[in-house]
Amino acid sequence: MCNAMIIDSKDNVAVAIEPISQGDTVTYLCDGVEQTLTARNDITIYHKLAIRDISCGEPVVKYGEHIGFATCDIKTGEHVHVHNVEGRRENPEEKE
C-alpha cells in the first residue's frame, strides 16, 4: 500500500500521505509502477522526501514544477523542507 505520492515523473520528491518513521519503507507509484525506498528521517504527513539524490543548487521538483533549490546535498529518503530548500521559483522567461 502506498504511503507517499508523486504527480509527475519529473518530480524528485514525493509527498507523504501518512506519517512516515525513519527506517520505514516508503512506497509510491511513478507512471503506474510501484517504487520503494527507505526513509532516512521521520516525515510528517504532507511533507516531502527525496526520491533520488538531489545535489546542492539543483531544483526541487514537486507536481512537475520547480518549487525551490536544494541548499545542500539531499540523499534519497531524506526529509525535504525549509531546512534544506530555498524557496525560489524558476523564472519561465529565462528559458526563452
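Below, the structure is looked at part by part. It should be emphasised that the depicted structure is a prediction, and the values quoted were computed from it without experimental measurement.

Thresholds applied
- Residues numbered from 1 in each chain as written.
- Predicted model: local features only at pLDDT ≥ 70, side-chain atom pairs only at ≥ 80, totals over all residues.
- Heavy atoms only, no water.
- Pairing = 2+ DSSP bridges.
- Helix = DSSP H or I, 4+ residues; strand = E, 2+ residues; numbered from the N terminus.
- Buried < 20%, exposed > 50% of the residue type's maximum accessible area, 1.4 Å probe, protein only.
- Contact = heavy atoms within 4.5 Å.
- Polar contact = N/O pair within 3.5 Å; in protein donor to acceptor, adjacent residues only side chain to side chain.
- Patch = residues over 30% accessible without salt bridge, like charges linked within 9 Å, V, L, I, M, F, W, Y side chains within 5 Å.
- Areas by Shrake-Rupley, 256 points an atom, 1.4 Å probe, with all protein chains shown as cover.
- Salt bridge = Lys/Arg side-chain N within 4 Å of Asp/Glu carboxyl O.

**Here we look at the sheet that holds strand β1 (residues 4-5)**
Pairing in this open sheet of four strands is antiparallel, and the strands run β1-β2-β5-β8 from one edge to the other. The sheet is open, and its two edges are formed by β1 and β8 (79-80), each paired on a single side. Bridge analysis of strand β2 (residues 13-16) against strand β5 (residues 48-50) gives three bridges, and the strand direction is antiparallel. Bridged to Val13 within β5 is Ala50.

**Let's talk about the environment of Asn41**
Within the secondary structure, Asn41 is located in the loop between β4 (33-38) and β5. Accessibility expressed as a relative area gives 29% for Asn41, which makes it partly exposed. Separated by 12 residues in the primary sequence, Asn41 and Leu29 have C-alpha atoms spaced 20 Å apart. Not counting residues within four places of it along the chain, the set of residues in contact with Asn41 comprises Ile20, Ser21, Gln22, Gly77, Glu78 and His79. A polar atom in the side chain of Asn41 sits 2.9 Å from the backbone nitrogen of His79.

**A word on a nonpolar patch on the surface**
The grouping of Met5, Ile7, Ile17 and Tyr63 at the surface amounts to a nonpolar patch, some 350 Å² of accessible area in total. Tracing the chain through its elements places Met5 in strand β1.

**Quick word on the pairing of strand β6 (residues 59-62)**
In this sheet, strand β7 (residues 65-70) lies alongside β6 in antiparallel orientation, the contact comprising four bridges. Each residue of the ladder has a partner; that of Val61, found in β7, is His66. Connecting β6 to the antiparallel partner β7 that follows it, the hairpin turn spans two residues, and Tyr63 within it adopts a positive phi of roughly 60°.

Any functional reading would require information that these geometric values do not contain.
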